[in-house]
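Listed here are the chains, written in short residue letters.
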Amino acid sequence: VGLGEGLKANTTLTTVHLENNQIGNAGAGGLGLGLKANSALTTLHLGNNEISDAGAVGLGKGLAGNTALTKLYLSSNQIGDAGAVGLGKGLAANTALTTLNLFGNHIGDAGAVGLGEGLATNTALTKLHLANNHIGDAGAVGFGKALEVNARR
């Protein structure tokens, strides 16, 4: 997709604000592909863009191969458990992202556990925003267990 192709070629742009648009899953997936090859972009704002699980999985794949992006804002989208698990997989391999904002999505227990599993091996992320999701006791416990593994690293 066009935005992703542009990111592949970009060597100077460091911050992109795309919040309150209609990027959707196809656009987010394209951005994920672009992130794999981009070494300049450090901040990406994608809040309120109709991104759900498929788009988040695509972004997670991009995070796995990216070494520049430090802040990713995905608040107020429709990301659920499968998308959170995909982002968690990306976090497991990522060494650059320090801030991930998932405020106001549809992440439940399974998604919290999936994010936690990614954080069990991630040593870069220092800020994770999960307020206003659907995480219950089981998700909090699973997430906490993964953080214990991270603390022992």
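Asks: Explain the overall build of the protein chain to me, please; I cannot follow it from the model alone.
Replies: Tallying secondary structure elements over the protein chain gives six helices and five strands in all. Relative to its length of 153 residues, the protein chain is compact, with a C-alpha radius of gyration of 14 Å against a globular reference of 15 Å. If one aligns the C-alpha atoms of the protein chain with their principal axes, the spans along those axes are about 40 × 30 × 20 Å. Of all intrachain contacts in the protein chain linking residues separated by at least 6 positions in sequence, the fraction that spans at least 24 positions is 90%. Carbon and sulfur atoms make up 54% of the accessible area of the protein chain, which amounts to about 6,800 Å² in all. Separation between the mean location of the 9 positive side-chain charges and that of the 9 negative ones in the protein chain comes to 11 Å.

Asks: Looking at this structure, I do not really get the nonpolar core. What am I missing?
Replies: One broad rule of soluble globular proteins: the nonpolar side chains tend to lie buried together. Among the nonpolar cores identified, the biggest contains 31 residues, and Leu46, Leu72, Leu74, Leu100, Leu102 and Leu115 are the most heavily contacted of them. Of all the secondary-structure elements, those providing two or more residues to this core are helix 2 (24-37), helix 3 (53-65), helix 4 (81-93) and helix 5 (109-119). Apart from residues no more than four positions distant in its own chain, Leu72 is found in contact with Leu44, Leu46, Leu63, Leu97, Thr99, Leu100 and Asn101.

Asks: What should I look at first to understand the packing of helix 3 against helix 4 in this one?
Replies: A pair of packed helices is captured by two measures, namely the crossing angle of their axes and the spacing between those axes. Helix 4 packs onto helix 3 with a crossing angle of 0 degrees between their chain directions and a minimal axis gap of 7 Å. What the angle tells us is that helix 3 and helix 4 run roughly parallel. Contacts from Asp53, Ala56, Val57, Leu59, Gly60, Leu63 and Ala64 in helix 3 reach Asp81, Ala82, Gly83, Gly86, Leu87, Gly90 and Ala93 in helix 4.

Asks: Got a minute to help me understand the sheet that holds strand 2 (residues 43-45) in this structure?
Replies: Remark on secondary structure: sheet strands pair via backbone hydrogen bonds, oriented parallel or antiparallel. A sheet is described by the order of its strands in space; here five strands give the open sequence 1-2-3-4-5, paired in parallel fashion. Only two strands of the sheet have a single neighbouring strand rather than two, namely strand 1 (15-17) and strand 5 (127-129). Strand-to-strand, the axes of this sheet are offset by a mean angle of 0 degrees, without reference to chain direction. Inspection of the sheet shows strand 2 paired to strand 3 (residues 71-73) by three bridges, in the parallel sense.

Asks: Looking at this model, I keep getting lost on unusual backbone geometry. Mind explaining?
Replies: Note: most peptide bonds trans; most residues except glycine with negative phi. Not every positive phi belongs to a glycine, and Asn48 is a case in point at roughly 55 degrees. A relative accessible area of 38% places Asn48 in the partly exposed class. Positioned with a positive phi, Ser76 is a non-glycine residue whose angle comes to about 55 degrees. Structurally, Ser76 can be placed in the loop between strand 3 and helix 4. The partly exposed category is assigned to Ser76, whose relative accessible area is 31%.

Asks: Is there a simple way to explain the packing of helix 4 against helix 5 in this structure?
Replies: Running from N to C, helix 4 and helix 5 point in directions that differ by 5 degrees, and their axes come no closer than 7 Å. Taken together, helix 4 and helix 5 sit at an angle that is classed as roughly parallel. From helix 4, Asp81, Ala84, Val85, Leu87, Gly88, Leu91 and Ala92 reach across to helix 5, where they touch Asp109, Ala110, Gly111, Gly114, Leu115, Gly118 and Leu119. Split into classes, the residues belonging to the contact of helix 4 with helix 5 amount to eight nonpolar, four polar and two charged.

Scoring rules and cut-offs
Residues numbered from 1 in each chain as written. Predicted model: local features only at pLDDT ≥ 70, side-chain atom pairs only at ≥ 80, totals over all residues. Heavy atoms only, no water. Helix = DSSP H or I, 4+ residues; strand = E, 2+ residues; numbered from the N terminus. Rg over C-alpha atoms; globule rule 2.2 N^0.38 Å. Contact = heavy atoms within 4.5 Å. Areas by Shrake-Rupley, 256 points an atom, 1.4 Å probe, with all protein chains shown as cover. Lys, Arg positive; Asp, Glu negative; His and termini not counted. Charge placed at Lys NZ, Arg CZ, Asp CG, Glu CD. Core = buried A, V, L, I, M, F, W, Y, C linked by side-chain atoms within 4.5 Å. Buried < 20%, exposed > 50% of the residue type's maximum accessible area, 1.4 Å probe, protein only. Axes fitted to C-alpha atoms, helices over the stretch in contact; angles between N-to-C directions. Parallel < 35°, antiparallel > 145°, perpendicular 65-115°, else oblique. Pairing = 2+ DSSP bridges. Nonpolar A, V, L, I, M, F, W, Y, C, P; charged D, E, K, R; others polar.

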